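# Examining the three-dimensional arrangement
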Amino acid sequence: MKSRKPLIIGIVIVVALSGAFAYLRKPSQTETGPKEPNAIRVTVRPVAELRDTSVGLSFPGTVSQDGVATVSAGVPGTVVSSGIRLGAKVGTGTVLARIDDPAGSISSASGFRSADVREAELAVERAELSYRELKRVDGNTDSHASELDKDLARKNLDTAKASLAALLDRHVTKSPIAGTVTEASVASGDTVTTGQTLFVIDSGRRERTVRFFVSDTERALLPVGTAVSIERTPDDRTPLSGTLRSVSTTADPGSGRFLAEAIVSGNAPLSPGIPVTVRISAPLRPSATGTFFVPLSALAIGQTGTSLLTEHDGTVSAATARIVRIEGETAEVSADLGDDARIVVGNAKRIQDGDRVEIAE
């Protein structure tokens, strides 16, 4: 009996080790097939919230400071009269100096002896004579040709008068603003050249403005009084605020764009002449009943038309849409959807019709 006991113990040990080995090799869980992919997170907005929106606009601008005017000579010559002294108070349009050629031998009707002024006055007299004569001829003949000649003579007269007025404006230096003379560089008898600084007028105002240019479509989105943000550097964390003061109704001939001006609020440092970035959040209003706004990235544009995605109970569906207009990266669209329809506005390019999604707050 004693000789068999070690054998039995050995068999028990082998069986126990075999069982432990089999247990350790057993899979931790039963395979259940391939896992369903994670749902893509998207952002949705109901149509009712998309009826009105805003578009972000950005423009390069330049800072200027109003209230100080530098008055320069418009023609070369001699200052023949100037009673304006340093510290004098002047109003808008006050005559500061008259520039003439006192050595000239011909006196013009306007009192100047400069030959160019007299020649401009003679051009007006000749144009007046021509107009009166052709007007008389047209009254006698009353023909189409005589009427055309009369109209042409009238235009020539208007042009001659305008040229004379512009020339006199260059000979008579006036203050463009009301204020105090802070610099007077000339006096009667001094000889001056074209562009030479004569006076500096300070109005006492320190209103700073930012000037920038906008396109015709952007101009329609920017009513006067719109709030603006002014960034002094690309990473400006404390941009200045301002208000849109004006937008020109006439386009610049060279660029075809329109000059806009914004008034800078507060007294934060902002030197004239430095470049800045003007940012504006312009409100968008529907141009037709039933339309709404979505990012361009929310639209799928193909050969068969344009569509967007709506979400319901975690699943997206495609809906046909029609683009009404595009403003920057925003599109105004028309679609047969109710106000409670939930439009996918974020991450729409990563999903398609029928996909399961997760709504991101």
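Look a little higher up for the structure.
All values reported here derive from a predicted model rather than from experimental measurement.

### Some words on the overall build of the chain
- Scanning the chain for helices and strands turns up four helices and 22 strands.
- Relative to its full complement of 361 residues, the chain shows a buried share of 32%.
- Long-range pairs, those at least 24 residues apart, make up 71% of the contacts in the chain with a sequence separation of at least 6.
- Here the chain displays about 21900 Å² of accessible surface, and carbon together with sulfur accounts for 54% of that area.

### Quick notes on the sheet that holds strand E6 (residues 95-100)
- Judged by pairing direction, the sheet is antiparallel, and its four strands sit side by side in the order E7-E6-E4-E9 without closing on themselves. Each edge of the open sheet is held by one strand with a lone partner, namely strand E7 (172-174) and strand E9 (191-192).
- Note that strand E4 (residues 77-81) and E9 share two bridges and pair antiparallel. Paired with glycine 77 across the two strands is valine 192, which belongs to E9.
- Contacts between helix H3 (residues 144-171) and the sheet are confined to E6 and E7, with E7 contributing the most and set at about 70° to the helix.

### A short note on helix H2 (residues 115-141)
- The end-to-end C-alpha distance of H2 is 39 Å, a good match for the 39 Å that 27 residues give at a rise of 1.5 Å each.
- For H2, every residue scored as buried is listed here: Val117, Ala120, Glu121, Val124, Ala127, Tyr131 and Asp138.
- Elements that come into contact with the buried residues of H2 comprise H3.
- Phi for aspartate 142, located one or two positions after H2, is positive at around 50°.

### Section: the packing of aromatic side chains
- For the structure shown, the criterion picks out one aromatic pair.
- Measuring from centroid to centroid gives 5.3 Å for phenylalanine 59 and phenylalanine 212, while their planes differ by 25°, and the two rings are stacked. Here the residue phenylalanine 59 occupies a position in strand E2 (residues 53-65), and phenylalanine 212 occupies one in strand E11 (residues 208-214), the gap between them amounting to 153 residues. Considered together, phenylalanine 59 and phenylalanine 212 belong to a single accessibility category, that of buried residues.
- Over the face of the ring belonging to tyrosine 131 we find arginine 154, whose NZ or CZ atom lies 5.4 Å from the ring centre.
- One residue, arginine 219, lies across the ring of phenylalanine 258, its end atom 4.2 Å from the ring centre.

### Description of the nonpolar core
- Grouped together as the largest cluster of nonpolar side chains are 25 residues, with contacts concentrated most on Val210, Phe212, Val214 and Leu222.
- Secondary-structure elements contributing two or more residues to this core are E2, E11, strand E12 (227-231), strand E13 (240-247), strand E14 (258-264) and strand E15 (275-284).
- Looking at which element gives the most residues to this core, the answer is E15, with five residues.
- Setting aside residues up to four positions removed in sequence, valine 214 forms contacts with Phe59, Arg219, Leu222, Val247, Arg257, Phe258 and Ala260.

### Quick notes on the environment of serine 287
- As for its position among the elements, serine 287 is in the loop between E15 and strand E16 (292-295).
- Placed 45 residues apart in sequence, serine 287 and glutamate 332 show a C-alpha to C-alpha distance of 8.3 Å.
- Sequence-distant contacts of serine 287, defined by excluding residues within four places in its chain, comprise Val324, Arg325 and Glu332.

### Overview of unusual backbone geometry
- Located in the positive-phi region is aspartate 313, a residue other than glycine, with phi close to 55°.
- Relative to the elements of secondary structure, aspartate 313 occurs in the loop between strand E18 (305-312) and strand E19 (315-327).

### Remarks on the pattern of salt bridges
- Counted by the stated rule, this structure contains 18 salt bridges.
- Between arginine 45 and glutamate 49 there is a salt bridge, and its shortest N-O distance comes to 2.9 Å.
- With a relative accessible area of 32%, arginine 45 lands in the partly exposed category.
- Given a relative accessible area of 44%, glutamate 49 falls into the partly exposed group.
- Aspartate 236 is paired through a salt bridge with arginine 232; the nearest N and O atoms lie 3.2 Å apart.
- Judged by relative accessible area, aspartate 236 falls into the buried class, the value being 14%.
- You can call arginine 232 partly exposed: its relative accessible area is 27%.
- A network of salt bridges, in which partner residues are shared, links Arg118, Glu121 and Glu125.

Rules behind the numbers
Residues numbered from 1 in each chain as written. Predicted model: local features only at pLDDT ≥ 70, side-chain atom pairs only at ≥ 80, totals over all residues. Heavy atoms only, no water. Helix = DSSP H or I, 4+ residues; strand = E, 2+ residues; numbered from the N terminus. Buried < 20%, exposed > 50% of the residue type's maximum accessible area, 1.4 Å probe, protein only. Contact = heavy atoms within 4.5 Å. Areas by Shrake-Rupley, 256 points an atom, 1.4 Å probe, with all protein chains shown as cover. Pairing = 2+ DSSP bridges. Axes fitted to C-alpha atoms, helices over the stretch in contact; angles between N-to-C directions. Expected span 1.5 Å × (residues − 1). Phe/Tyr/Trp six-rings, centres within 6.5 Å; stacked < 30°, edge-to-face > 60°. Lys NZ or Arg CZ within 6 Å of the ring centre and 35° of its normal. Core = buried A, V, L, I, M, F, W, Y, C linked by side-chain atoms within 4.5 Å. Salt bridge = Lys/Arg side-chain N within 4 Å of Asp/Glu carboxyl O.

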